[in-house]
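Residues per chain are reported as follows:
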There are 2 protein chains.
Amino acid sequence: MIKHALNVTREKDFAAWYQAVISEADLAEESGVRGCMVIRPWGYGIWERIQRLLDDRIKATGHENCYFPLFIPLSYFEKEAEHVDGFAKEMAVVTHHRLVQKDGKLVPDPEAKLEEPLVVRPTSETVIGAAFSRWIQSWRDLPVLINQWANVVRWEMRTRMFLRTSEFLWQEGHTAHATVEEAREETMKMLEVYRSFAEDCLALPVVAGEKPENERFPGAVSTYSIEAMMQDGKALQAGTSHFLGTTFSSAQNIRFQNAEGELELAQTTSWGVSTRMIGGVIMVHGDDDGLRVPPRIAPWQVVIVPMLRDQPEDAEITAYCKTLQAELAKLSALGEPVRALLDLRPAKAATKRWGWVKKGAPIVIEVGGRDVAGGNVSVIRRDRLYREDGKLDSAVVARGQLVEEAPAMLESIQQALHTQARERMDANIRRDVTEFAELEKAFEGSKPGWVEVSWSKPTGAELDKVVERLKALKLTFRNVPGDAAAAEGACIFTGASAVERILVARAY
Amino acid sequence: MIKHALNVTREKDFAAWYQAVISEADLAEESGVRGCMVIRPWGYGIWERIQRLLDDRIKATGHENCYFPLFIPLSYFEKEAEHVDGFAKEMAVVTHHRLVQKDGKLVPDPEAKLEEPLVVRPTSETVIGAAFSRWIQSWRDLPVLINQWANVVRWEMRTRMFLRTSEFLWQEGHTAHATVEEAREETMKMLEVYRSFAEDCLALPVVAGEKPENERFPGAVSTYSIEAMMQDGKALQAGTSHFLGTTFSSAQNIRFQNAEGELELAQTTSWGVSTRMIGGVIMVHGDDDGLRVPPRIAPWQVVIVPMLRDQPEDAEITAYCKTLQAELAKLSALGEPVRALLDLRPAKAATKRWGWVKKGAPIVIEVGGRDVAGGNVSVIRRDRLYREDGKLDSAVVARGQLVEEAPAMLESIQQALHTQARERMDANIRRDVTEFAELEKAFEGSKPGWVEVSWSKPTGAELDKVVERLKALKLTFRNVPGDAAAAEGACIFTGASAVERILVARAY
């Protein structure tokens, strides 16, 4: 039996395994500040890769980055009732701007109370809408296509690292358009940017589709999401794109003079992804030895570990490794220069090896005296860690051959992670459920996957009733897949004639 | 006489001119939230360039990026008295985590008061120190070299865009070392990174040196800065690097076991630059036609403006411009691919031209029907906007020639901006003042520049008296230039024997 690097397996306790990966891969840790985490270098390096790759795509679709204030006056929220209802319960409120010493303790200075409290942004539609109303006068000013990378705060009662933290990092795109058609087109364009980014860069297969009414962003006319399947079968919403209609343009008075000289309200959209994606990467690609990072978002794609023993030959091994690192750094893979690290920290080679395995570096290369003598290197591919006999699969190959093959190997690892995840997801979506009792039964197992059913798209109170029934089973609607087959027969919830197919799942 | 693009000149009203540049170049605007600005795409694009170039240098010197919480519990601050004194008066305090409706208004929910108020970080020594105390146990864990890009909040009473805003963006590096020597070496290394970055990338000549005692960061043993001279002669502190000794390691209990097995306090440093640098770029490189952006930090280095007239030939002009853009994008200049934009917005060509002049794009290329027919383009260099006769200097050159010369032209503009600023600074530092009365007189003019004098480096109450005398003249100590000549004669403040040379200036 294989002795894995983590002391808890996915099978045994998925939630504990998730925390173990985060800890053992040095991704993040509790900060001591309620609900907030520290993102450590390996975790933040993954986020930097995500930022760089996604930012390129956001810019390539015509958007520009800006920066808007962290603080939002309460009065901005009061203008849009539905939006307030959605966020009021979880907002951090700044009420003072100075501290004083009192009885040997620091306290907010009663003399420095703000006239109007400020909210720490939970999302920026209101404050960006206010800017749009200044920027937009004529149809010539449209579309306005902007994005910001920022921190936001939603005061969560139960937090879980990357998935649900009081503060998190994200990008939020905000756009304004002259027509409904254009704004809807933008909403779908960004959904597709997220879908293809998740698949191509994160190796994360996702289902893109529209959320039902009860899952809409507060203030949105339509909300779309990408949903990924974790290894425990649960769904993770990994990105959303909203068509906001005139909700925020009414509240913030974003009006423009159209070509006929009449005043019209702009049609707006917003869309975002966050550090939550990293939680998804962990739960889709991790295994019992830790994380496996898809090469495109790996801070280091190839890590070289010299096997030093405080012997005279150490200098030769180090020199050999430096040459190898330089050779690798000259290569390109997956459209970018190869990122190769030589790990010269003062620690044992075995500790380093397993450290990088747990972190999920795609390729780990070990170099000892014998490798140098033979002109070889020992190569570990993180996507195939063990041989069939359960031994670590470390292959000795000529250095020149490794250098020649490294780009293709990285591409193959990226592909392999995607294929594994895609096959797992496809195998775990049931589409044959036609009655509620069957649905109930489908979710009785330990890793139930998802079920796609036909429904009649009820609204209002009727929908609420359905949602309650699902809630009792800890189930939620995920989305109506854009590429789902046509609905057939009766709705499994209402019995009425079905109009579309919707995904039901447990979710994070 | 030249009719300039701005309606106020530097000569007439420098402060109004500064605001006009920010507004006319679309860099930033007031947000409606007290003390906070909106950084617009052109301003944020400059910040993104600064981030990318400086981040490369921070990583090249061995640092890794992390992310720490926005919120800091009050108790973290209480541990370091001097640090609290420095920041308590300007901290935004979060006291509630929920809003409720009361009499039709949103108010902080009295039921959701935090047990311990949280401060929005004004700087992160305390919360990062707490992490260091978890990460560091042994000398083998040292050095710890990290950096974060983040927003911070210091509640300023009088704000000015980019220079002093309640919220601003920055990077803050934090490191821990085993010895004083190593920590001091790090402090100086990062000062040099800032100095060379300012000179090479921002074309900003600076003086690097140590701050006197009264200007130290709260809690620092030594503070170093880079100081730049604005066109009105005032100084702008553009970056700081602090040797913190054991101030924060005592407060946060950052201890390590040394090679001999004894527990020691770590020696820490911190260093930062912020969006303030953009204020410096404006006040050093701007002119009466707006901003001039050094090519290395220009979001777009070459902007192509097609002169379209709603005529059939428009299509041909546009096609010609697209070819030109593609040719330029294949080039490299200043170590990176050339960033060339084709401006196809629906606006008049003259409006676009002057828009890009005010924004300070290094090269603006106009293409009309006659240019296309002749295989030419019309080129405007932002660093030499006018001919000697006061007319706009727009040169017609063959398209092929422009493409061939563009990289050298960008390098020459980068160099020219630096040289102009360097000559101005050098010409405006007086080093011949040997008496206080002379110093007083030196600052009587309208653009007095700086004065470097010999002083005896008084401390405590004696220093306070000197600082008060300077304050009465609206003067401050800037720093003791690292490359200043040896001190000679008597201190102009105390009459005692001088030990070093220090810069005196008005400052932002």
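Cut-off values and rules
Residues numbered from 1 in each chain as written. Chains lettered and ligands numbered in written order. Predicted model: local features only at pLDDT ≥ 70, side-chain atom pairs only at ≥ 80, totals over all residues. Heavy atoms only, no water. Helix = DSSP H or I, 4+ residues; strand = E, 2+ residues; numbered from the N terminus. Rg over C-alpha atoms; globule rule 2.2 N^0.38 Å. Buried < 20%, exposed > 50% of the residue type's maximum accessible area, 1.4 Å probe, protein only. Contact = heavy atoms within 4.5 Å. Areas by Shrake-Rupley, 256 points an atom, 1.4 Å probe, with all protein chains shown as cover. Lys, Arg positive; Asp, Glu negative; His and termini not counted. Charge placed at Lys NZ, Arg CZ, Asp CG, Glu CD. Phe/Tyr/Trp six-rings, centres within 6.5 Å; stacked < 30°, edge-to-face > 60°. Lys NZ or Arg CZ within 6 Å of the ring centre and 35° of its normal. Pairing = 2+ DSSP bridges. Axes fitted to C-alpha atoms, helices over the stretch in contact; angles between N-to-C directions. Least-squares fit on C-alpha atoms with pLDDT ≥ 70 in both. Core = buried A, V, L, I, M, F, W, Y, C linked by side-chain atoms within 4.5 Å. Buried area = accessible area lost by both parts, 1.4 Å probe. Salt bridge = Lys/Arg side-chain N within 4 Å of Asp/Glu carboxyl O. Polar contact = N/O pair within 3.5 Å; in protein donor to acceptor, adjacent residues only side chain to side chain. Nonpolar A, V, L, I, M, F, W, Y, C, P; charged D, E, K, R; others polar. Right-handed = clockwise from strand over helix to strand, strands pointing away. UniProt positions renumbered as here; feature names shortened; annotations may be inferred. Domains from an automatic or database assignment.

Moving on to the overall build of chain A. Looking only at helices and strands, one finds 14 helices and 28 strands in chain A. By the compact-globule yardstick of 23 Å for 508 residues, chain A fits well, its C-alpha radius of gyration being 26 Å. The dimensions of chain A, computed from C-alpha atoms along their principal axes, are 80 × 65 × 55 Å. Relative to its full complement of 508 residues, chain A shows a buried share of 60%. Partitioning the contacts of chain A with sequence separation of at least 6, the portion at a separation of at least 24 is 70%. Accessible surface, chain A as shown: approximately 20400 Å² in total, 48% of it carbon and sulfur. Positive and negative side-chain charges in chain A, numbering 63 and 73 respectively, have mean positions lying 5 Å apart.

Residues and elements named next belong to chain A. Under the criterion given, the structure shown has 24 aromatic pairs over all chains. Among the aromatic residues, those joined into a cluster by ring pairs are Phe436, Trp455, Phe477 and Phe493. Geometry around Tyr76 places Lys79 over its ring, the cationic atom sitting 5.5 Å from the centre.

Right, let's talk about the sheet that holds strand β21 (residues 363–367) of chain A for a bit. All names here are of chain A. One open sheet holds the five strands; their spatial order is β20-β17-β21-β22-β23, and the pairing between them is mixed. The sheet is open, and its two borders are formed by β20 (340–342) and β23 (394–398), each paired with just one other strand. Strand-to-strand twist of the sheet, defined as the mean angle between neighbouring strand axes without regard to direction, takes the value 25°. Both β21 and strand β22 (residues 376–381) contribute to a ladder of four bridges, which runs antiparallel. Residue pairing for β22: Glu366 is matched across the bridge by Ser378. Against the sheet, helix α9 (residues 314–329) contacts β17 (302–306), β20, β21 and β22, and its axis sits at roughly 170° relative to β17.

Aligned on chain A, chain B shows an RMSD of 0.0 Å; the corresponding rotation is 180° and the shift along the axis is 0.0 Å. Taken together, the turn and the small shift mark the pair as related by a two-fold rotation axis. Among all residues of chain B, the one whose C-alpha sits closest to the rotation axis is Val94 of chain B, at a distance of 2.1 Å. Both copies present the same face, since 100% of the interface residues in chain B are matched by interface residues at the equivalent positions in chain A.

Let us look at the nonpolar core. Membership of the largest hydrophobic core comes to 90 residues, with the highest contact counts inside it found for Phe71, Val120 and Trp135 of chain A together with Phe71, Val120 and Trp135 of chain B. Beyond its immediate sequence surroundings of up to four residues, Trp135 of chain B is in contact with Glu29, Val38 and Arg40 of chain A together with Cys66, Phe68, Asp141, Val144 and Ile146 of chain B.

In this assembly, 65 residues from chain B lie in contact with 65 residues from chain A. For the pair chain B and chain A, the two sides together bury roughly 5500 Å², of which 63% comes from carbon and sulfur. Among the residues of chain B in contact with chain A, Tyr67, Leu99 and Leu106 of chain B are the three that bury the most area, contributing 12% of the side total. The interface formed by chain B and chain A contains four salt bridges. Between Glu29 of chain B and Arg134 of chain A there is a salt bridge whose closest N-O contact spans 2.7 Å. Our enumeration of links across chain B and chain A arrives at 32 residue pairs in polar contact (both at pLDDT 80 or more). Per element, the largest residue contribution to the side of chain B that touches chain A is six residues, and it comes from helix α2 (residues 41–60) of chain B. Looking at side-chain class alone, the side of chain B that touches chain A contains 40 nonpolar, eight polar and 17 charged residues. Pairing analysis gives three bridges linking strand β5 (residues 93–96) of chain A to strand β5 (residues 93–96) of chain B, with the strands arranged antiparallel. If you follow His96 of chain A over to β5 of chain B, its bridge partner there is Val93 of chain B.

This part takes up the pattern of salt bridges. Evaluated as defined, the whole model comprises 55 salt bridges over all chains. When the shortest N-O distance is used, the salt bridge between Glu336 of chain A and Arg339 of chain A registers 3.5 Å. Across the salt bridge formed by Glu227 of chain B and Arg478 of chain B, the nearest N and O atoms sit 2.9 Å from each other. Residue Glu227 of chain B is located in strand β12 (residues 222–229), and its partner Arg478 of chain B is located in the loop between β26 (476–477) and β27 (480–481); the two are separated by 251 residues in the primary sequence. Taken together, the salt bridges that share partners define one network made up of Asp26, Glu29, Arg40 and Lys359 of chain A together with Arg134 of chain B.

What follows covers the environment of Tyr18 of chain B. All names here are of chain B. Following the sequence through the fold, Tyr18 ends up in helix α1 (residues 14–24). Judged by its relative accessible area of 1%, Tyr18 falls in the buried class. C-alpha separation for the pair Tyr18 and Leu145, spaced 127 residues apart in sequence, amounts to 37 Å. The residues contacting Tyr18, other than those within four sequence positions of it, are Arg160, Met161, Phe162, Leu163, Gly279, Ile282 and Met283.

Residue and element names in this part refer to chain A. Counting buried positions along strand β25 (residues 450–455) yields six of six residues, so the element is predominantly enclosed. Two elements, strand β24 (residues 429–430) and β25, share two bridges in a ladder whose sense is parallel. Across the sheet, Ile429 pairs through a bridge with Trp450, a residue of β25. Between β24 and its parallel partner β25, the chain crosses via helix α13 (residues 436–442), and the hand of that crossover is right-handed.

Turning our eyes to something else, we now look at the UniProt feature "domain: Aminoacyl-transfer RNA synthetases class-II family profile" (unreviewed entry) in chain A. The feature "domain: Aminoacyl-transfer RNA synthetases class-II family profile" (unreviewed entry), as annotated in UniProt, sits at residues 29–294 of chain A in this numbering. In residues 29–294 of chain A, the share of helix is 30% and the share of strand is 33%. The end C-alpha atoms are 22 Å apart.

Residues and elements named next belong to chain A. Here chain A is described as being made up of domain 1 (14–73 + 126–285), domain 2 (295–412) and domain 3 (429–505). Taking only C-alpha atoms, the centre of domain 1 and the centre of domain 3 are 26 Å apart. Each side of the interface is counted separately: domain 1 has 19 residues, and domain 3 has 21 residues. On the domain 1 side of the contact with domain 3, Val207, Glu213 and Met229 bury the most area, a combined 30% of that side's loss. Inspection of the domain 1/domain 3 interface yields eight residue pairs in polar contact (both at pLDDT 80 or more).

Residues and elements named next belong to chain A. You can see Asp371 is positioned in helix α11 (residues 369–374). Despite being buried, Asp371 has no salt bridge partner; Arg370 is the closest side chain of opposite charge, sitting 7.2 Å away. Setting aside anything within four residues of it in sequence, one finds Asp371 in contact with Tyr320, Glu366, Asn376, Val377, Ser378 and Val396.

Turning next to the sheet that holds strand β8 (residues 113–120) of chain B. Read across the open sheet, the six strands follow the order β4(A)-β8(A)-β5(A)-β5(B)-β8(B)-β4(B); overall the sheet is antiparallel. Sheet topology places β4 (71–73) of chain A together with β4 (71–73) of chain B at the edges, where each strand pairs with a single neighbour. With strand direction ignored, the average angle separating the axes of adjacent strands in the sheet is 45°.

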